[in-house]
Structures are given as C-alpha cells and as structure tokens.
Amino acid sequence: MRAHANAVPALDAWAPDRSNVEALAEEVRASGLYNSATASGELVLRLFGAPDARTKDRFAYNLVVLPDHAYEWLVDEGDRIEASSLVRRFNALRPTDAQARLGLRDKLEVGYHTEADVRNMMGPPLVEDGWWPEHTLTYTTSETKERWVFTFLNGLLVREDVRPG
C-alpha cells in the first residue's frame, strides 16, 4: 500500500492558519454538533449550509482539499445524526473473488481510499474496533492466514498493517 500522490501536497498547499482552525473547531464544539442529544440534520445544515448532494437521510459536502471526496452526514427518521465520515464520491473497487481481493488490496492508497472502499472490496470485517473518529477493520484470508488491519480517521484510510496468521 502506498500514500496517494496528491494527499500530502494538497494538504500542505491548503495549510490553513492554525489559529483559524482552532477557532472554527471551538465554534463547532460549542454548537452541540458533537453532542448526541443535540446533533441533528438541521444543525448540520445551519452550520455548513446547503449540501452538494442530499437524499432523505444523507447530506454530502464536497471537499476542496480532497476533490474526489465528500464529507457525509447520515441522519435517522427523527433527524438525529447517525454517523459522519469521509467518503469517495466515485467508488469502483468491487472484487468478484478472493484472488481479486488480494490484487485490489495492493491498489489501496493511504490518504485517498475510504472505509467504504475497503468494505466494498473486502466485505464484512472479521473484527471492528474503535469508534469515530478513529477505528480499525481487521480481515483475514483462508489463502495466507495473514491479518490485514486497516486504520481509519474520519473514514479516511490512514494505515494498513499486515500481521502474520
């Protein structure tokens, strides 16, 4: 696995003033967005404005820094936030068998592919550990018995570890 060629340069070029980011982060924390009792689709819309894509239960905002990605909010029927994550706007990783999964795994790129990409490629994980914003999915294969541990931050793949079976 390799780091996506555009991931680090794009983030470096964006490089916001840290004090502005900290002020914005404090404003978002104070808004109640990260409080499960007050977080809602209505609050997301109030804070971030009209989404780039919207369905009944999803709001997606395209990202300037990662143009192939969007940040997606999922809401339930009561307008409560169920989940939020980085997602790729176009997902083409779909293997048909175990050999295809082995080959596609080498195409995953840190800083580019997302949890949805890994789940689409690998199917249900053997083990799921952690909680937003950082968590891992662990897979194994009958062919090699290796364990593949994928680590995500806000849904973006940040590391893959291969461990002997």
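Before reading further, recall that the structure is shown in the block above.
Predicted, not measured: the structure shown is a model, and the values here were computed from it. (Residues numbered from 1 in each chain as written. Predicted model: local features only at pLDDT ≥ 70, side-chain atom pairs only at ≥ 80, totals over all residues. Heavy atoms only, no water.)

A. Spatial organisation of unusual backbone geometry. The phi dihedral of Asp-79 falls on the positive side, at around 70 degrees, and the residue is not glycine. Counting through the fold element by element, Asp-79 comes out in the loop between β4 (69-75) and β5 (81-88). Positive phi is not limited to glycine here, since Asn-154 has a value of about 55 degrees. Mapped onto the secondary structure, Asn-154 falls in the loop between β9 (147-153) and β10 (156-163). On the basis of relative accessible area, Asn-154 is assigned to the partly exposed category, the value being 23%. (Helix = DSSP H or I, 4+ residues; strand = E, 2+ residues; numbered from the N terminus. Buried < 20%, exposed > 50% of the residue type's maximum accessible area, 1.4 Å probe, protein only.)

B. Structural context of the sheet that holds β10. Spatially, β7-β8-β9-β10 is the arrangement adopted by the four strands of the open sheet, whose pairing is antiparallel. Edge positions in the sheet fall to β7 (127-131) and β10, since each has one partner strand and no second. Each neighbouring strand pair of the sheet contributes to a mean axis angle of 15 degrees, computed without reference to strand direction. Note: β7 against strand β8 (residues 134-140), five bridges, orientation antiparallel. Within the sheet, the bridge partner assigned to Trp-131 lies in β8 and is Glu-134. (Pairing = 2+ DSSP bridges. Axes fitted to C-alpha atoms, helices over the stretch in contact; angles between N-to-C directions.)

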